[in-house]
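Survey of secondary and tertiary structure
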Amino acid sequence: MSPGPLWISSLMPTELPATAGLRGQSIVIDGLTVRYGSFTAVDRLSLSVGEGELFGFLGPNGAGKSTTIRVLIGASRPTSGRVEIAGHSLPRDFAKVKPLFGYVPDSENHMEEFSGRENLVLFAKLYDVPLAEVDRALGRLELSEAADLPVRAYSKGMRKKLLIAREILHQPRILYLDEPTANLDRHSTEVVRKLLRELTARGTTVFLTTHDMEEVEQICDRVAILCKGKLIACDTPVNFMTRHAERKVLAQYEQSGQVLREELDLDDDRQRERLANIIRHEACVRLHSQEFQFEDVFLKLTGQIYT
Amino acid sequence: MMPRLDKVRTLVGREALRLLKNPSALMVLGLLVAFSLLLALSRNEKSPALSCWIVHPDSLLTSEAGGVSSDFIEKLTEAAKQTKTIRVLPLSRIAVFREQRMYPPLTCAIELLELPADDGSTTQLSVTYRHPGGKSDVLEPFLRWFWPIAVDHFGQVQVVEQAPAASRPTSATALVMERLQSGSLKDLMSEELAAAILLLVVQFVTCCQLIVSFTSQDRERGTLTALALSPITMSELLQAKILFHLLLSALGCGAVIAVLKPSALTHASLWATLLLTSLGLCSVGMVIASLTKTQSGASLLALCYMLVGAVVFYLATKFSAFAQLKSFAFENYGFGMLFLSLQRPIPLARATDLAPMLALVVGWLTTATLLFRTRGWR
């Protein structure tokens, strides 16, 4: 089952926020712990991601996101806990899992002296993909014109898009992306977001880390927030905002010939009364409801502002 | 699990494409081949070969000395017919003045003498090489002509050069190594020696330096991780890398041999030695690349390996306490075998240096495989 648009996602059950609930499981993480000496990078993380889900994995720097992804792709071994990818256990079934996923790292890892096409042809051969798919992937990421240029001549954005093209060549069941839209211009960002929605519509599971909260709000079906190695919340973006929203109003009014501004919290009785007074007694010039963004939720939950 | 040939071929193709797009690597290889061409051209300017007399006790023609059958002299005489500069004569035909045998000026002499053994019951054959010195090719008659026949016959030869006070058992390989380390390279610079040195350099560049450079670059850029996460196995990746560098080494060495010593191209012992040396150097390269995190670190470690090798050979030659050290280096056997195999084909059954070399190379290869699979790509 492919996920619906955001308003449908918001109706999905949220009682078990760390599980995908309705769909088959592509990724199951149970009690994952990764330690480097005495430092615990990931601490008893448990969550699951369903097939065809676009899952956002967020957290401040050093939260343990990249470590978790490294375990999911088999590049690191967990200290303890269970990881299952499409029914295969990691790290035991690493060889079986490898063809099932694509991984777009945060830093590009192309063969610089090769052209974009040569890079993709190599991976097409390794994945036994028909070479016609190379041109198709280049076209989807709008790289056809630059396909025969050496990668060292590419801009950062083009390199990122080439990475994505490389990793969708073999039509993986799971796609891990680490900051996929970093360094992309507005248009390219939209191209990538559209591509990710298309992939999930076809049943590909997308596991995404990003610091772009607008992106999370726009495209993710569910979001997990990690802080200091621990999962602190997992839900749909809409539910996050509904649960954690702070209703505020910005009031502008005239008093003694001067225009004054005041931000009022509607969940506070005294401030609500103050708003009523402004409307009743002052010359109210403008009332503006303050939108509560996902970024505010993130900052609130990770304790960077509100503690 | 058997390697999938199509995947290995794809990966070998990738390495080849990398080399083609890397002008500096191509330039190094080109320069090495150009250097061998220069050596080949300078060969024509060499002075005429020294004449050499091989003298032997009359008894050697009829009896055995030190377990040496008389057909050794027959072999020498037969071989001498092919050259006008070598003469095989009984001792009785050499004039003696004040206990010194009289040879014509600027002539080399290889004296085969019977010496009583320690127990007095048997005799030993002693080989004394006398040469006028000072010319660049004084050792050539010995190294090029007499020594291969002697080794073929005896397996090991006791050599006394310029009649030192006490003779000591040594092989031509050891003699060559000693002269190299004592700095008198000029005296030894035969075309076989030049070719052997050049072959070692070509192998070091193609198998060790390039594999270190390419692999650590892969690792630093993250391309090794990208490849490791694709459906290929780490074994296939390792095999492809080693196979490509072996092919490159064979190509480079083939070019050098074709230019300097074309007749040696058909010597099986030469190719067996080249294969083992190249495989050993590839393994060393993979170990270095797996142990370092950056390309610059890996290049420096490769340089350290080369310098450590030089120090070990120096210590092993100068101080008897370290004499056994060099027997742990496959390059020690490789160099001697290359030198000998360039002169004449050595039957593989008699190429005893190949066995310890093989053991050492297998050790390096096992270490490289383990390191590369566990930490090389991470």
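Residues numbered from 1 in each chain as written. Chains lettered and ligands numbered in written order. Predicted model: local features only at pLDDT ≥ 70, side-chain atom pairs only at ≥ 80, totals over all residues. Heavy atoms only, no water.

Here's the deal with the overall build of chain B
Within chain B, the secondary structure is distributed over 13 helices and 7 strands. A buried classification covers 50% of the 378 residues belonging to chain B. Sequence-distant contacts, at least 24 apart, represent 74% of the contacts inside chain B between residues at least 6 apart. Per element, the accessible surface of chain B, about 17300 Å² overall, is 64% carbon and sulfur. (Helix = DSSP H or I, 4+ residues; strand = E, 2+ residues; numbered from the N terminus. Buried < 20%, exposed > 50% of the residue type's maximum accessible area, 1.4 Å probe, protein only. Contact = heavy atoms within 4.5 Å. Areas by Shrake-Rupley, 256 points an atom, 1.4 Å probe, with all protein chains shown as cover.)

Quick word on the interface of chain A and chain B
At the junction of the two partners, chain A supplies 23 residues and chain B supplies 22 residues. Regarding the contact of chain A and chain B, the summed buried area is about 2000 Å², with carbon and sulfur atoms giving 62% of it. Taken as a group, A:Lys98, A:Glu113 and A:Leu126 account for 30% of the area that chain A buries against chain B, more than any other trio of residues on that side. Applying the counting rule to chain A against chain B returns 4 salt bridges. Note that B:Lys21 is salt-bridged to A:Glu118, the shortest N-O span being 3.1 Å. Elements supplying a minimum of two residues to the side of chain A that touches chain B: β6 (101-104) and α4 (116-126) of chain A. When residues in the side of chain A that touches chain B are grouped by element, the largest group, 5 residues, is from α4(A). Taken together, the residues that form the side of chain A that touches chain B break down as 12 nonpolar, 3 polar and 8 charged. (Buried area = accessible area lost by both parts, 1.4 Å probe. Salt bridge = Lys/Arg side-chain N within 4 Å of Asp/Glu carboxyl O. Nonpolar A, V, L, I, M, F, W, Y, C, P; charged D, E, K, R; others polar.)

Looking at the pairing of strand β8 (residues 205-209) of chain A
Residue and element names in this part refer to chain A. Burial runs high along β8: 5 of the 5 residues are buried. Where strand β7 (residues 174-178) and β8 come together, 5 bridges link them in parallel fashion. Across the sheet, Asp-178 pairs through a bridge with Thr-209, a residue of β8. Tracing the backbone out of β7, into helix α7 (residues 186-201) and back to the parallel element β8 gives a crossover that is right-handed. (Pairing = 2+ DSSP bridges. Right-handed = clockwise from strand over helix to strand, strands pointing away.)

Concerning the pairing of strand β1 (residues 51-56) of chain B
All names here are of chain B. Counting buried residues along β1, 5 of its 6 residues qualify, which places the element largely inside the surrounding structure. In this structure, β1 lies alongside strand β2 (residues 86-90), joined through 5 bridges in parallel fashion. Among the inter-strand pairings, Ile-54 is bridged to a residue of β2, identified as Val-88.

Observations concerning helix α11 (residues 294-301) of chain A
All names here are of chain A. Buried residues of α11: Phe-294, Val-297, Phe-298 and Leu-299, and no others. Of the surrounding secondary structure, the elements contacted by the buried residues of α11 are β3 (54-58), α8 (213-219), β9 (222-227) and α9 (237-244). Just downstream of α11 lies Gly-303, where phi reads positive at about 70°.

Overview of the packing of aromatic side chains
Applying the stated criterion across every chain, the model contains 6 aromatic pairs over all chains. Arranged with centres 5.0 Å apart and planes meeting at 45°, the rings of A:Phe57 and A:Phe207 form a pair that is tilted. Here A:Phe207 lies in strand β8 and A:Phe57 lies in strand β3, a separation of 150 residues in the sequence. Across the pair, A:Phe207 and A:Phe57 agree in class, each one buried. Ring geometry for A:Phe101 and A:Tyr176: centres 5.6 Å apart, planes at 65°, overall edge-to-face. Highlighted residues: A:Phe101 in strand β6 and A:Tyr176 in strand β7, separated in sequence by 75 residues. When its relative accessible area of 1% is taken as the criterion, A:Phe101 is described as buried. Ring pairs connect the aromatic residues A:Phe55, A:Phe57, A:Phe101, A:Tyr176 and A:Phe207, which therefore count as one cluster. A cation over a ring is seen here: A:Arg166 above A:Phe123, with NZ or CZ 4.6 Å from the ring centre. In this structure, B:Arg87 packs its charged tip against the face of B:Trp53, placed 4.8 Å from the ring centre. (Phe/Tyr/Trp six-rings, centres within 6.5 Å; stacked < 30°, edge-to-face > 60°. Lys NZ or Arg CZ within 6 Å of the ring centre and 35° of its normal.)

Details of the sheet that holds strand β2 (residues 39-50) of chain A
All names here are of chain A. Taken together, the 4 strands give an open sheet; going across it, the order is β2-β1-β4-β5, and neighbouring strands pair in antiparallel fashion. A strand with exactly one partner marks an edge of an open sheet, and here the two such strands are β2 and β5 (88-90). Put simply, the sheet's adjacent strands are angled 25° from each other on average, direction ignored. In this structure, strand β1 (residues 25-36) lies alongside β2, joined through 8 bridges in antiparallel fashion. By the bridge assignment, Val-34 is partnered in β2 with Val-42. Where helix α2 (residues 65-72) meets the sheet, it contacts β1, β2, β4 (80-85) and β5, and its direction lies at approximately 120° from that of β1. (Axes fitted to C-alpha atoms, helices over the stretch in contact; angles between N-to-C directions.)

With respect to the side chain of A:Thr33
All names here are of chain A. Residue placement: Thr-33 occurs in strand β1. With a relative accessible area of 3%, Thr-33 lands in the buried category. From its side chain, Thr-33 meets the backbone nitrogen of Arg-44 in a polar contact 3.1 Å long. With near-sequence residues (within four places) excluded, Thr-33 lies in contact with Thr-40, Val-42, Asp-43, Arg-44, Pro-78, Thr-79 and Ser-80. (Polar contact = N/O pair within 3.5 Å; in protein donor to acceptor, adjacent residues only side chain to side chain.)

Quick look at unusual backbone geometry
Residues and elements named next belong to chain A. Between Leu-90 and the following residue, Pro-91, the backbone shows a cis peptide bond with an omega angle of 5°. Tracing the backbone through its elements, the reader meets Pro-91 in the loop between β5 and α3 (94-97). With phi around 50°, Lys-228 is a residue other than glycine that occupies positive phi space. With relative accessibility at 74%, the residue Lys-228 sits in the exposed group. In this structure, Ser-256 is a non-glycine residue whose phi angle is positive, near 50°. With relative accessibility at 75%, the residue Ser-256 sits in the exposed group.

Description of the confidence of the model for chain B
Residues and elements named next belong to chain B. Summary statistics for chain B give a mean pLDDT of 79 and a share of 79% for residues scoring 70 or more. Scored below 50 in pLDDT, residues 163-172 shows 15 contacts in the model against residues more than four places distant or in partner chains. For the stretch residues 181-188, pLDDT sits under 50, and the model shows 20 contacts to residues farther than four places along the chain or on other chains. (pLDDT = per-residue confidence, 0-100.)

Structural notes on a nonpolar patch on the surface
Together, B:Tyr314, B:Phe319, B:Phe322, B:Leu325 and B:Phe328 give the surface a local cluster of nonpolar side chains, amounting to about 510 Å² of exposed area. Here B:Leu325 shows up in the loop between α11 (295-318) and α12 (330-343). (Patch = residues over 30% accessible without salt bridge, like charges linked within 9 Å, V, L, I, M, F, W, Y side chains within 5 Å.)

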